[in-house]
Structure formats: structure tokens, C-alpha cells
Amino acid sequence: MTKKRIITFVSFICVLLASLFLLQKLFMPKYVHGIVEGSLIEEYYTEEEKNHDIIFIGDCEVYENFSPITLWENYGITSYIRGSAQQLIWQSYYLLEETLKYETPKVAVFNVLAMMYDEPQKEAYNRMTLDGMKMSSSKINSIKASMMEDESIIDYFIPLFRYHSRWSELENDDFKYLFKKENLFHNGYYMRADVKPVTSIPKGKKLPDYRFGENAYDYLDRMVELCKSKGIELVLIKAPSLYPYWYDEWDEQMVEYAKKHDLLYINFLNHIDEIGLNFEEDTYDAGLHLNVYGAEKLADYFGRILVKKFDLEDKRNDEKLKKIWDSKIEFYNEMKEKQLKEIEEYGYIKSLAPNPGQ
Amino acid sequence: MKKISIILIILIMLTACSGGNNTPSTPNEPVDNLNENGSDDNLVSDGFVFETNGVEIAMNQEVAPIIEKLGDSKEYFEAEHCALPGLEKTYTYNGFELYTYEKNGVDSVSSILFLDDSVKTKEGIYLYSSLDDVLEAYGDDYEQKLDLYIYERGDSQLCFLIEDGEVTSIEYIAITE
């Protein structure tokens, strides 16, 4: 009788936990249409060969501006972008720390726009970076560093608490992608084939203080130390996005920091002509981010620098890698073609719209 | 049966209660200060109000009727939020820039930035006014962050950047969260 009770109790607990797990999976946003950027971080775990020459970390200025496919096609460099929307520097640090548990790249590239933020900004962006991370000490530390005042750490451990009220807005996608999502990105690169030329860019507002914050510098220091301890070359970049405004005063601080720590720092805004960027046709949102044509030009330009500076090996003759990357190139070209067709037919990329079925 | 009922109750409690936001934190609803004709003649705001050419502009106010009155801007810029819905728009007029944010599909005023001394605050402060003028006009109930003097009223802030005793930047900012 006692044994029967124990079995019943254990069964009950199992059923309860399984139900809660399923509900949690169901209620969490799927980020497969509209705001797809929420899927960026978790897609890394599906990567077959986690052994890249280059790891990019940072905000939209990395995941929308550099094409890893071009780095492979033109230089035989393997790379992955661990980027996410408004990725704050402590999130970049912990993402890099987590990535280094899987692999040790030769070069880590960090986009310095995030230096402008010294404290947590917005829960929605926190979620897009943190929810996709697998549970680890890096994730826990990143959550602690990122939480807004009104957030609770338990909501990150058990996202069902955060998302349970989505019950009234569940869509077909929530059921369709309950357990598995198709890949949406190209080694962390978010492709956009549409074009929206730059018309005007607002000048930067005067700031009371142009110095980056202590917290931002602290995490940059940690990043330098982390890379040094693993023998990884850290490269600081400022992507050639025209907005948000990048102040000369900010640039000077990064130049000085790179010099002090013997790091390569490239402000691509100073190399727009050499890269060959034309903001009439190489951006899809009037200068904030590059489209795929701009991202390919930038990757080609950056690849040349990386090969020269860090003596990276051309791996295009590696049969195993070639097979993997051939498949990636196929997916990349298919997506580009699909987006172009949609632009021709609808005037916009329908598959990226919030409700592509409508 | 009793246990199944308990499971169901727990699940219903977890899924059906309405606490918490489903979506990211968003700004307040736009201020609806317009009369039936969409005019701001009777604009009532408990915050700071900027006036130019007889057009009054309050923070968080719906933008469309304001733009209609101000006419075409000299320059226009719009930026999508990174991975969030909505556009931030910037309209440049003589002497100032008007910035917007979007809430539920409605563009509302997020800030106004002075570009030169051809415009002034309602209380008579221009770019290059002195700090004494600011204190005389707005008093000493301000928050100071380095050289930035921040006055708060209702759902708005009025910020003066003071360098060498002179106002070098003036900005009205909507308090949205």
C-alpha cells in the first residue's frame, strides 16, 4: 500500500513537472516572425562545428553588418556572431565567457557602441539576450548584472512566471515551434536584402559627460583579461552604422584604451570609402544597419585585415569544413533569393513581417 | 480525481492570472489633449509646454496635429527600434528638432531639442542665456547631474546644459515610463 502511494506520488510530481515544462515551452515567445532577433542567441547551440577562428560579440551592429559567409568564401575564415539586440557590455562579456566553454577562437571581436550604456536599459532586450542562453554560471551572472529594478531573478530561472499571461495571445507559431525551430540566421548573421537609402542623419545631441561609465570600463577590462588568459586576440571595432551617433569624444577614449592595452581598434566609420559602402544602396534602414550587400563588402574588407594581422589560415581546402560551409552557403543563397522574390512581389520581405501569413 | 483537480487548479492559476506584461515595457499612453477638431487650442498639460509660432507642444502629446500646424519640416529622419516594433521619428524645423516615439501605432512627442537661439522656452530662456536667468525663471528645485540642470514638471523634464555659466543645450523630454 505504501509502495503504491509512493508510486502515485512520484507519478503525480512527474506529470505536474512535465505539464509545467510544456506550458513554459508553449508560452515563451518563439521569435520566428517579426522580431526574429530574439532567436539569435539560442541558435548558436545548434551549430555543428563549434570551432571558429573568429567570434563576434555585441549588439545589432555586429549581427546585421558582417557576413560570416563572405569571410568563409573570400578568406576561408570560420566565424560566428554571438550578437543580440542592444547587447550590453556585461552581457557580451558573459556570452564570450560562455562561448569559451565550447571553443577557443583565435580572435574575439567586440563592437564598442555598447560602451555608451553603463546600466541596465530595458527588460525586453534583456530577455532577447538572456532567455536564449543555456543555464550556466555565465548566464546567472549575466542575469544578475542585467536585471532592471523591477525584475526578479526567479522569472529568468522559470520563464513561465514571466510569460504565463501570454495564454490569451498564443498563435499557431507557438504550437508549431514548441520543440524545434528552423535556423533563421547565418552563423549569427541576420540577413536583410532590402534597400532603404540614407536621407538625413540627426547630429548628436550635446552630452553633459562624454566619458564612458565605470561599469562599462570594468567589463571591458574583464574582457581584455579573459581573452589574454585564453590566448585570444581581442579586436575592438565600431561598425559603420551612421546612427546612433558615434561621438569623437567616445572614439578618442577607445583609441586611447586600445593603445594602452595593445589592442587593434578599427572605427569603420573612418573607412567607408575604402570598404566601398554606398549608403544609397547598402543599407536597409536608412543608415542604421547594412543590408546583405553592405555586410558582404564590410566582411570582405575586415577579412583582409584579419588575415594580414593575425595570420589566419585559409581553411577552404579542409574537406570536413568545406562540406559544412557549402551547406551554409546554400542556405544563405536560398534566403537571399527568397527575400529578393518577396521584395519584388510584395515590396517588402513578407517572411520577416509579424504576420507573414496574412 | 482529487489529485487531477489539484493539478488543473494549479495550471489554471498559473496560466490564467493576468499579472505581468506579455510584451516589453512600453511608454505611457499618449496625452490626449486635443479637442474634437484635433486642435490644441485648449491644450491642458501639467508638464512643460514649448510654444513656437502659436503652436503649443506638450510632451507625450499626439504628434500628427502638431505637424499639421507646423507644416513641412526642413528635414525628416526615422529610425526603427532594434528588434522592437515602432519608429522613432525626427522632424527638423527652424530652431528646433522634434523627436517622437510610438505607442500603439500613435506617434507622440518624446522630446524637443533647441538648435539655435531663434527659439525660447515659454519662460524666456534661450540658448546662451545665463545660469542666473535659468534660476530666476525656474527656481532652485532642480536635479543637477554634472553640468545638466533638470527640472521636472508633470510628465516632462526641461533640461539645461550649462557650460561656463551659459546655457549650451535646452531639451524638453517626455517622461514615458
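Residues numbered from 1 in each chain as written. Chains lettered and ligands numbered in written order. Predicted model: local features only at pLDDT ≥ 70, side-chain atom pairs only at ≥ 80, totals over all residues. Heavy atoms only, no water.

## Some points on a nonpolar patch on the surface
- Taken together, the side chains of A:Met135, A:Ile154, A:Phe157, A:Ile158 and A:Phe161 present a nonpolar region at the surface, about 410 Å² in accessible area.
- Exposure remark for A:Met135: the relative accessible area of 48% places this residue in the partly exposed category. (Patch = residues over 30% accessible without salt bridge, like charges linked within 9 Å, V, L, I, M, F, W, Y side chains within 5 Å. Areas by Shrake-Rupley, 256 points an atom, 1.4 Å probe, with all protein chains shown as cover. Salt bridge = Lys/Arg side-chain N within 4 Å of Asp/Glu carboxyl O. Buried < 20%, exposed > 50% of the residue type's maximum accessible area, 1.4 Å probe, protein only.)

## A word on the sheet that holds strand 6 (residues 106–114) of chain B
All names here are of chain B.
- With antiparallel pairing, the 8 strands of this open sheet are ordered in space as 3-4-5-6-10-9-8-7. Looking along the sheet, the strands with just one partner apiece sit at the ends: strand 3 (75–80) and strand 7 (143–145). The mean inter-strand angle of the sheet, taken between neighbouring strand axes irrespective of direction, is 20 degrees.
- One ladder, built from 4 bridges, connects strand 4 (residues 87–93) with strand 5 (residues 96–103); its direction is antiparallel. Paired with tyrosine 91 across the bridge in strand 5 is leucine 98.
- The strands touched by helix 3 (residues 131–138) are strand 8 (148–153), strand 9 (156–163) and strand 10 (166–174); relative to strand 9, the strand with the most contacts, the crossing angle is about 155 degrees. (Pairing = 2+ DSSP bridges. Helix = DSSP H or I, 4+ residues; strand = E, 2+ residues; numbered from the N terminus. Axes fitted to C-alpha atoms, helices over the stretch in contact; angles between N-to-C directions. Contact = heavy atoms within 4.5 Å.)

## Quick notes on the pattern of salt bridges
- This model, assessed by the stated rule, comprises 28 salt bridges over all chains.
- Between A:Glu49 and A:Lys320 there is a salt bridge; the shortest N-O distance is 3.1 Å. In this pair, A:Glu49 sits in the loop between helix 2 (40–43) and strand 1 (54–58) while A:Lys320 sits in helix 15 (residues 319–346), placing the two residues 271 residues apart along the sequence.
- Accessibility expressed as a relative area gives 53% for A:Lys320, which makes it exposed.
- Of the charged contacts in the structure, one is a salt bridge between B:Glu123 and B:Arg153, with a shortest N-O distance of 4.0 Å. Taken as a pair, B:Glu123 in the loop between strand 6 and helix 3 and B:Arg153 in strand 8 lie far apart in primary sequence, 30 residues in all.

## Quick word on the pairing of strand 6 of chain B
All names here are of chain B.
- When you tally the buried positions in strand 6, you get 8 out of 9 residues, the bulk of the element.
- Direction of pairing for strand 5 relative to strand 6: antiparallel, over a ladder of 8 bridges. Bridging from a neighbouring strand, tyrosine 99 pairs with serine 111 of strand 6.
- Hairpin connection between strand 5 and strand 6: a loop of 2 residues separates the two successive antiparallel strands, and asparagine 104 in this loop has a positive phi of roughly 50 degrees.
- Sheet topology places strand 6 next to strand 10; 3 bridges connect them, and they run antiparallel. Within the sheet, the bridge partner assigned to leucine 113 lies in strand 10 and is glutamate 171.

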